Structures are given as structure tokens and as C-alpha cells.
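Take a look at the letters that make up each chain.
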Amino acid sequence: MNFADSEVVGAILTAAGHTVVTTVEEATFLLINTCAIRDNAEQRVRHRVRELRAIQNRHRELRIGILGCMAERLQSRLMAEEDNLSLVCGPDAYRRLPELIEQVRNGQQAAETELSTTETYADIEPVRLGSNGISAYISIMRGCQNYCSYCVVPYTRGRERSRDPQTIVAEARSLFDRGYREVTLLGQNVNSYEWRVENGEWRTESGERRVENGERRVGFPELMDMVASIDPQLRVRFATSHPKDLSDKLLEVMAAHQNICRCIHLPVQSGSNRMLKAMNRKYTVEWYLDRVDAIRRFMPDCSITTDVIAGFCGETLDDHQATLDLFHKVRYDYAFMFKYSEREGTYASRHMPDDILDAEKTRRLNEIIALQGQIALENNQKEIGREYEVLVEGVSHRSDKQLFGRNSQNKVIVFDRGDAQPGTYRRVRVDSCTAATLLGTLV
Ligand code: SAM
Ligand code: SF4
């Protein structure tokens, strides 16, 4: 999400006559895009800002600004606490960056953290920063109003709003025409994407313009259908799916398009109904498992990944065991696993004591990590002997004689390069594996 935002910022600044550079030495302004989701993410940013003081002592005109969720959360307080900062700008205020930079150049500090209910940056074609020219992110909505009790996102990114589907399809088509072969549609809860057109001008999937009477609604399944119909050679991924809204209709659309990737990120957070209720996740373990069954019914080859939090407020050993049991049942291909980190302003921080000791959170987290490592390895061992269509992405970091790419299930496969070229699809047979990577041969 932050990467996609940095690309929007790049476009806004380039249009205003600035140049994006890649080293601190070349820069006169350094903008750091930040995440506030856990305390350690914020501490890393503060550490980096303090380290940059030494460079500012040598390079006196260098100014530093903080963008994104940390800017939104802490606002001008951040500039008071880190006195080498000159600018803070929240996620809905990026269009004002050129004037904020000007303000700093005129010797002032600048802060803008107003949240919007409508800003989607729909008209801005992002500058693809550090892109491999093959895969790109497309932001389809912003904000979130699910108010999971532990989460700071509704406070730092504001109300949920969806972007006009015509601009999304146009951006995906333009990427495909420029040689990109994979797009990932991004939102905090893509399943609640919704766009309504009332008695308005509408562009059909084939690009033709027409005026329709009455109302037309585009939900996430319809949007996926539109993007996947651009070209069968364009792979489409998405993140993130909130389990409470994962519909059979979306699974039907996915199953109908081979180029919609067979991978669903379905964050569970906990395997205990008591914890899910305390987290305000609005589903039960039984509902979640029903959605997992539905995914496997529609697409038996679909991989499932998740996010989980260890040591949330009041989590007992039984609750923790329920999470381990759920991991045994679902057998995820990958999981992002976190220790609960209390965030100021959230419902949990105001009403629920953060009562699991840090060492115990670490112990529970390590238990989940060890189990998931074992499951991922066993899942990968079942892949040996299978063949996959792989989108080749580049040279493997192990050896320049090898390339890597991903299959539809988002698994990384490394193979001897032969005559394969990045940006093309090749069939690869899996010969061996680790828990994280498949190793194969071109077929
Ligand atoms: N919108 C997505 C969803 O609901 O599944 C997730 C977005 S959040 C940026 C990514 C992940 O960070 C969450 O799924 C959750 O596991 C984790 N997370 C959020 N708040 C957290 C907190 N206070 N402590 C630890 N992990 C947290
Ligand atoms: Fe945070 Fe929940 Fe929104 Fe995800 S759905 S961003 S976890 S509040």
C-alpha cells in the first residue's frame, strides 16, 4: 500500500517539476513514507531520521519530510520530537506536497494532515519507482472503517472510499500495453469495493462510451471481471480480502478467469472465537473455515495465506492453542505473523489491558512461526514433480545463472535460466524445495 502511495507522490512531484533521485547525496529533499501499524515500524523510522542528522551536517541544504500513517498519527508533534524534520504530510494530502516543499524552502516548517472522504488520486498515473517493468500495484480504494479493535488504520487513513473503475481499468490497460504482465489491485478490504454510476456516462469493458439511465453498481467481482478481461496474458492479483465479505460471487469470477491468480490472502488474526469477538473481526472460526472450504470448492489449486496476531489482550493458552489448531486445519502456504503491539487511540488501547508479557507474546509467536514453517515445507514438498506456468521476473539472488518467477499461487520458483527472458511466461517443473522456495527446471 505504501509502495503504491510513494508512486503517486512521485507522480505529483514530477508533474510539479521535481526530479526523483535514488541516492541521499543527490537529494535536496528526502521524503520517508511511513507505516504506523506496529510500534517497531515507527521506531525504525525514528532511528533512520536520527541517523540522517550526520548526513545533514555534511549536506546542509538537505531537508527531511515524513509522509503517510506516522505523519497522520503524530502530526506536528513529530517535528517537535525529531528536530531535524521539516515537513509532515498525511496520506490524503499528497496533492499539496509541492506547496509544502515550497514553504520549507522559504524557511518554514510545513504540516498537512487533513483526512478526506473522497480523495482516491484516481486521475494520477503513478510513477513506477524501482519497477521491474513486469509487476505493478494499482490502488483501487483507500481508508478503512472496520475498526478492528487493535488497528490504527481507520485513524490514520480515514473513511473507506472506492476509486472510479474506469480509471482502474485504464491504468491496468496502459501497464499491459507498456509490457507489464501482472497487476495487484490493492485496498484494506477489497471485498467491500463499490462504485455506483447514476444516469451517467459510462465506458463499457471494450472502451466504448455510453450513457445509461438508472443505476449501475460495480462491486469487487465486477471490477475483477473487467480487469481480467483486458487480456488473458495479464495476471491479476489482489490484497487484502477481509474474511467477513469474501463472497461466492468473487470466487465464481476468479474460477472463470485463468489469469486471476490462484492465491487468496485471507487474514484470520486468531483461531479463537473469543479473541475474534474482542478484536471486532465480525466473523467466527466456523465462518472462516466455511470460506476456506468455498475457496477450495471453486478452485482446488488455490493457495491461501494469512495474517495472525499473537498475544492480543486477554489471550489465554487455550485461545493460543485454538490458533495453532486452525493453522493445522487450513495449512496455509504463507503467513505474516505478528506480536500484538498496542496502538494509541484504538479501541483496545482505551478499553483492554495489554496484559500478555512481551516474553510470552514472543514464545507464542515463535510457536506459530515454527508450526507454519513446517506446514509450508510439507505443502512445498507436495509440489515436487508438478509443472507450473511461471511469470519470469528476474535474475535469482543465489546465482546469475538462474532466474526466478512466480506461479499463479504466488510461490517463488528458481530455475536455470536457459533461453528464458524476464517478462515472459515459461513452464517449469518443480524438482525440489525449501519452506520458502521451489527449485525447478524449464520444460
Ligand atoms: N486490512 C487487512 C485486514 O484486515 O486483514 C490488514 C491490514 S494491516 C495493515 C496488516 C496486518 O497487520 C493485519 O492483518 C494484522 O495482522 C496486523 N496488525 C494490525 N494492527 C496490529 C497491531 N496493533 N499489532 C500487531 N499486528 C497488527
Ligand atoms: Fe485494520 Fe481491520 Fe481495517 Fe484491516 S480491516 S485495516 S485490520 S481495521
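A short tour of the structure in this document, coming up. Computed from a predicted structure; not experimentally measured.

## Some points on helix α14 (residues 358–381)
Then, in step 1: Across its 24 residues, α14 extends 34 Å between first and last C-alpha, which sits within 8% of the 34 Å expected from 1.5 Å per residue.
Then, in step 2: Looking at α14, one finds that the buried residues are Lys361, Arg364, Leu365, Ile368, Leu371, Gln372, Ile375, Ala376, Asn379 and Asn380.

## What to know about unusual backbone geometry
Then, in step 1: Geometrically, the link from Ala239 to Thr240 is a cis peptide bond, its omega value of 0° lying close to zero.
Then, in step 2: In the Ramachandran plot, Gln75 falls in the positive-phi region, its phi being about 50° despite a non-glycine side chain.
Then, in step 3: One can find Gln75 in the loop between α3 (69–74) and α4 (77–81).

## Brief notes about the pairing of strand β19 (residues 412–416)
Looking down a regular strand, the side chains alternate between one sheet face and the other.
Then, in step 1: As paired strands, strand β18 (residues 402–406) and β19 are joined by five bridges and run antiparallel to one another. Bridging from a neighbouring strand, Leu403 pairs with Phe415 of β19.
Then, in step 2: The turn linking β18 back onto β19 is made up of five residues, and Asn410 within it adopts a positive phi angle of 75°.
Then, in step 3: Relative to strand β21 (residues 438–442), β19 is paired through three bridges, and the arrangement is parallel. Across the sheet, Phe415 pairs through a bridge with Gly440, a residue of β21.

## Some points on empty space enclosed by the protein
Then, in step 1: Counted under the stated rule, the structure contains two cavities of 30 Å³ or more.
Then, in step 2: Every residue along the wall of the largest cavity is listed here: Ala4, Val8, Thr120, Tyr121, Ile124, Pro126, Tyr137, Ile138, Ser139, Arg142, Arg163 and Glu171.
Then, in step 3: Only α1 (2–15) and β5 (135–139) provide two or more residues apiece to the lining of the largest cavity.
Then, in step 4: When residues in the lining of the largest cavity are grouped by element, the largest group, three residues, is from β5.
Then, in step 5: Looking at the second largest cavity, its volume works out to about 60 Å³.
Then, in step 6: If you list the elements that add at least two residues to the lining of the second largest cavity, you get α1 and β6 (141–142).
Then, in step 7: Residue composition of the lining of the second largest cavity, grouped by class: three nonpolar, four polar and three charged.

## What about helix α12 (residues 317–330)?
Then, in step 1: With 14 residues, α12 extends 20 Å between its outermost C-alpha atoms, agreeing within 8% with the 20 Å of an ideal straight helix rising 1.5 Å per residue.
Then, in step 2: Within α12, the full set of buried residues consists of Asp319, His320, Thr323, Leu324, Leu326, Phe327 and Val330. The arc that holds the buried residues of α12, viewed along the axis, is 155°, so those residues lie on one side. Opposite the buried face of α12, by more than 90 degrees, sit the exposed residues Leu317, Asp318 and Lys329.
Then, in step 3: Looking at the buried residues of α12, the elements they touch are α10 (273–278), α11 (285–298), β15 (303–310), β16 (334–339) and α14.

## So, the site of ligand 1
Then, in step 1: Taken together, 15 residues lie near ligand 1, and Gln188, Pro267, Gln269, Asp307 and Ser341 sit nearest.
Then, in step 2: A distance of 3.0 Å is found between a nitrogen atom of ligand 1 and a backbone nitrogen or oxygen belonging to Tyr150.
Then, in step 3: Asp307 is positioned with one of its side-chain polar atoms (N or O) 2.6 Å from an oxygen atom of ligand 1.
Then, in step 4: Computed on the free molecule, ligand 1 has an accessible area of 570 Å², of which 89% lies beneath the protein chains in the complex.
Then, in step 5: When contributions to the shell around ligand 1 are tallied by element, the ones reaching two or more residues are β15 and β16.

## Some thoughts on the sheet that holds β15
Then, in step 1: The strand order β14-β15-β16 describes an open sheet built from three strands, whose pairing is parallel. Each edge of the open sheet is held by one strand with a lone partner, namely β14 (263–265) and β16. On average, each strand axis in the sheet is tilted by 10° relative to the strand beside it, whichever way the strands run.
Then, in step 2: Direction of pairing for β14 relative to β15: parallel, over a ladder of three bridges. What sits directly across from Cys263, in β15, is Ser303.
Then, in step 3: Contacts from α14 reach β15 and β16, with the element oriented near 175° to β16.

## Quick word on the layout of surface pockets
Then, in step 1: Of the volumes computed, that of the second largest pocket is approximately 770 Å³.
Then, in step 2: Along the walls of the second largest pocket sit 26 residues, with Val20, Val21, Phe29, Leu30 and Leu31 positioned nearest its centre.
Then, in step 3: Going through the elements one at a time, α1, β1 (29–34) and α5 (97–105) are the ones with two or more residues in the lining of the second largest pocket.
Then, in step 4: For the lining of the second largest pocket, the residue count by class is 14 nonpolar, nine polar and three charged.

## Focus: the pairing of strand β3 (residues 85–89)
Then, in step 1: Of all five residues in β3, five are buried, a share of seventy percent or more.
Then, in step 2: One ladder, built from four bridges, connects strand β2 (residues 63–68) with β3; its direction is parallel. Looking across to β3, one finds that Gly65 is bridged to Leu87.
Then, in step 3: Examined bridge by bridge, β3 and strand β4 (residues 110–112) share three bridges and lie parallel to one another. Residue pairing in the sheet places Leu87 in a bridge with Ala110 of β4.
Then, in step 4: Between the parallel pair β3 and β4, the chain is carried across by α5, and the sense of this crossover is left-handed.

Criteria and cut-off values
- Residues numbered from 1 in each chain as written.
- Chains lettered and ligands numbered in written order.
- Predicted model: local features only at pLDDT ≥ 70, side-chain atom pairs only at ≥ 80, totals over all residues.
- Heavy atoms only, no water.
- Helix = DSSP H or I, 4+ residues; strand = E, 2+ residues; numbered from the N terminus.
- Expected span 1.5 Å × (residues − 1).
- Buried < 20%, exposed > 50% of the residue type's maximum accessible area, 1.4 Å probe, protein only.
- Pairing = 2+ DSSP bridges.
- 1 Å grid on protein atoms, 1.4 Å probe; cavity = no way out; pocket = protein on both sides within 12 Å on 5 of 7 lines; lining within 4 Å.
- Points joined across faces, edges and corners; volume = space filled by probe spheres on them.
- Nonpolar A, V, L, I, M, F, W, Y, C, P; charged D, E, K, R; others polar.
- Arc of directions from axis to C-beta.
- Contact = heavy atoms within 4.5 Å.
- Near = heavy atom within 4 Å.
- Polar contact = N/O pair within 3.5 Å; in protein donor to acceptor, adjacent residues only side chain to side chain.
- Areas by Shrake-Rupley, 256 points an atom, 1.4 Å probe, with all protein chains shown as cover.
- Axes fitted to C-alpha atoms, helices over the stretch in contact; angles between N-to-C directions.
- Right-handed = clockwise from strand over helix to strand, strands pointing away.

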